[in-house]
Amino acid sequence: MANFDRIAVVGLGYIGLPTAAVFADNGLTVVGIDTDAHVVETINAGRPHFGEPNLDALVRRVVEAGRLRATRTMEAAEAFIIAVPTPIREDHKPDISYVESAARSIAPVLTPGNLVILESTSPVGTTERISALMAELRPDLTFPHQQGDLAMVQVAHCPERVLPGKILEEVVNNARVIGGMTRKCAQRALNLYKVIVRGDCRVTNARTAELAKLTENAYRDVNIAFANELSLICDKLKINVWDLIAMANLHPRVNILSPGPGVGGHCIAVDPWFIVAADPVNAKLIKTAREINAGKPHFVVDKIRERAATLKQPVIACLGLSFKKDVDDLRESPAVEIVHSLATAKVGEIMVVEPHISELPKELEALGLKLYDFDHAMERANLVVLLVDHMSFLDVDRSVLKDKIVVDTRGAW
Ligand code: SAJ
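Owing to the predicted nature of the structure, the values given are computational and were not obtained by experimental measurement.

Draft legend 1. Main features of the overall build of the chain. Assigned secondary structure in the chain consists of 16 helices and 12 strands. Against the globule reference of 22 Å for 413 residues, the chain gives a C-alpha radius of gyration of 23 Å, in line with a compact fold. Of all 413 residues assigned to the chain, the portion counted as buried reaches 52%. Pairs at least 24 residues apart make up 70% of the contacts formed inside the chain by residues separated by at least 6 positions. Carbon and sulfur atoms provide 52% of the accessible area of the chain, an area that totals close to 19,100 Å². Counting 46 positive and 52 negative side-chain charges, the chain places the averaged centre of each group 3 Å from the other.

Draft legend 2. Layout of the packing of helix α1 (residues 16-25) against helix α3 (residues 55-64). Relative to each other, α1 and α3 sit at 55°, their axes nearing to 9 Å. When the axes of α1 and α3 are compared, the pair comes out oblique. In this structure, α1 meets α3 at a crossing whose hand is left-handed. Along its contact with α1, which presents L17, P18, A21, V22, A24 and D25, the element α3 presents L55, L58, V59, R61 and V62. By residue class, the composition of the contact of α1 with α3 is nine nonpolar, no polar and two charged.

Draft legend 3. Broad picture of the site of the ligand. Near the ligand there are 20 residues, and of these E160, K213, R220, S258 and F323 occur at the shortest range. Interatomic distance of 2.5 Å between a side-chain N/O atom of K213 and an oxygen atom of the ligand. R410 is positioned such that a nitrogen or oxygen atom in its side chain is 2.8 Å from an oxygen atom of the ligand. Taking 770 Å² as the accessible area of the ligand by itself, protein coverage stands at 89%. When each cavity is represented as a set of grid points, the ligand is found to reside in the second largest pocket. When the residues that make up the shell around the ligand are grouped by side-chain class, the tally is nine nonpolar, four polar and seven charged.

Draft legend 4. View of the nonpolar core. Grouped together as the largest cluster of nonpolar side chains are 45 residues, with contacts concentrated most on I7, F23, V30, L68, I117 and L192. Residue contacts for L68: discarding those within four places in its chain leaves L17, A20, A21, A24, V30, G32, I43, V62 and V63. Ranked by size, the runner-up nonpolar core spans 26 residues in total, among them C318, A343, L360 and V388.

Draft legend 5. View of the pattern of salt bridges. This model, assessed by the stated rule, comprises 18 salt bridges. Here R202 ties to D200 by a salt bridge, and the two come within 2.9 Å at their closest N and O atoms. Here K303 and D235 are joined by a salt bridge, their closest N and O atoms 3.2 Å apart. Residue K303 is found in helix α12 (residues 284-308), and its partner D235 is found in helix α9 (residues 206-237); the two are separated by 68 residues along the sequence. With relative accessibility at 34%, the residue D235 sits in the partly exposed group. Look at the salt bridges and you will find they share partners, linking R6, R69 and E75 into a network.

Draft legend 6. Highlighting the packing of aromatic side chains. Scanning the model with the defined rule gives three aromatic pairs in all. Judged by centre distance (6.1 Å) and plane angle (65°), the rings of F23 and Y193 are edge-to-face. Here the residue F23 occupies a position in helix α1, and Y193 occupies one in helix α8 (residues 183-193), the gap between them amounting to 170 residues. For the pair formed by F23 and Y193, the shared burial category is buried.

Draft legend 7. Fine view of the side chain of N174. Residue placement: N174 occurs in the loop between α7 (167-173) and β7 (176-180). Within the local environment of N174, its side chain forms a polar contact with the backbone oxygen of R161, the two atoms lying 3.2 Å apart. If near-sequence neighbours (up to four positions away) are discounted, N174 is found in contact with R161, V162, V197 and G199.

Draft legend 8. Region of interest: the environment of S122. Inspection of the secondary structure assignment puts S122 in the loop between β5 (115-118) and α5 (126-137). The class for S122 is buried, based on a relative accessible area of 1%. When the C-alpha atoms of S122 and I96 are compared, they prove to be 7.4 Å apart, with 26 residues separating the residues in sequence. Here S120 takes part through its backbone oxygen, which lies 2.8 Å from a polar atom of the side chain of S122.

Conventions and cut-offs
- Residues numbered from 1 in each chain as written.
- Predicted model: local features only at pLDDT ≥ 70, side-chain atom pairs only at ≥ 80, totals over all residues.
- Heavy atoms only, no water.
- Helix = DSSP H or I, 4+ residues; strand = E, 2+ residues; numbered from the N terminus.
- Rg over C-alpha atoms; globule rule 2.2 N^0.38 Å.
- Buried < 20%, exposed > 50% of the residue type's maximum accessible area, 1.4 Å probe, protein only.
- Contact = heavy atoms within 4.5 Å.
- Areas by Shrake-Rupley, 256 points an atom, 1.4 Å probe, with all protein chains shown as cover.
- Lys, Arg positive; Asp, Glu negative; His and termini not counted.
- Charge placed at Lys NZ, Arg CZ, Asp CG, Glu CD.
- Axes fitted to C-alpha atoms, helices over the stretch in contact; angles between N-to-C directions.
- Parallel < 35°, antiparallel > 145°, perpendicular 65-115°, else oblique.
- Left-handed = near helix turned anticlockwise from the far one by under 90°.
- Nonpolar A, V, L, I, M, F, W, Y, C, P; charged D, E, K, R; others polar.
- Near = heavy atom within 4 Å.
- Polar contact = N/O pair within 3.5 Å; in protein donor to acceptor, adjacent residues only side chain to side chain.
- 1 Å grid on protein atoms, 1.4 Å probe; cavity = no way out; pocket = protein on both sides within 12 Å on 5 of 7 lines; lining within 4 Å.
- Sits in = over half its atoms within 2 Å of the grid points.
- Core = buried A, V, L, I, M, F, W, Y, C linked by side-chain atoms within 4.5 Å.
- Salt bridge = Lys/Arg side-chain N within 4 Å of Asp/Glu carboxyl O.
- Phe/Tyr/Trp six-rings, centres within 6.5 Å; stacked < 30°, edge-to-face > 60°.

Here it is, written out as structure tokens:
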């Protein structure tokens, strides 16, 4: 059905590796390309290089079956899926340099009939940009921005939208937006995704697909910002914000999300800036929401400092470092930012507890911080800060918290 036997996935990170493995598990021969030698070696040994439920067994199975292989050099294939990072720069402008280098590395191996799909979350216009870039490098071929449906190479944008922690389930079951630069591009991309996706696949153009992905994450950011703004108001008015939200959510058309220590991860804390950068005049709400969420860790640090000031010798157990519950991913994590600020400001002795990692990130280690197990931290701490609502923290016997000051940033206790 697919008309594809052999595909290449460029970038074997949180999105690329699961995607490559699922295609391989559905019978395609997949070569994964990554610039990191450690990533390539680990995958070829049959192991993922990060934690994600059920990914271990899947990667082992497809590597042992010879269906997935990783390499550092580009190889020819019928379709190429680009799944590389698209970070923001210091000035909040998008950095699409990884996407551009992926396109540059694909260009030399392209042959007529190939399909190039951008999966990375990207600013509007990036799909057209890679089409133009590949055309510059391969004047012997034609591309959709030049020849529409008659082009020799097809280019599409099919943004990933899987939730870390549920990737293998969502990569198959979520609906997908398939944005072709032309109808033919979309149709061919649709044929490829149909191999693995059971959810609805909707076809549109590449620019709409680009903005759709950014919109999904900006929507969530704005909604979390609403909850976080309420938490600040409630703090002033001495009202429990979680009780307040539970009451308001009884209304049939109200569904407020949960306040927390801030918004982390590589997506929601980043993607709204792509919209702001594209139209700073109109993206007022989106920008303000981003600022509210980015400001929340400072509020939490101030709260902890206030509480610590009431203790003679504060020993602060910081529970959780990841950007959200039950994952090992520390990217853009508000918990890391909070622990970093507390340590820099020398608020007290800090004991970091994060059961999902075995080593602290370098920037925290450099401040002299150490990882502790939960029980050890509870024995010594007089101030306990819940930063991440990991299952293992919620299951604890609450009597261990007796006689300690508790700052629960997640409303989980
Ligand atoms: N958070 C809150 N309150 C909430 C919900 C979340 O504070 O009520 C925080 C989390 O603790 C975390 C952050 O927001 O720090 C983001 O977590 P998340 O679970 O909302 O989302 P991500 O970043 O893991 O994944 C998102 C998803 N996007 C949407 O739900 C619209 C996912 O589907 C995307 O594929 C992913 O971004 C991505 O890669 O873009």
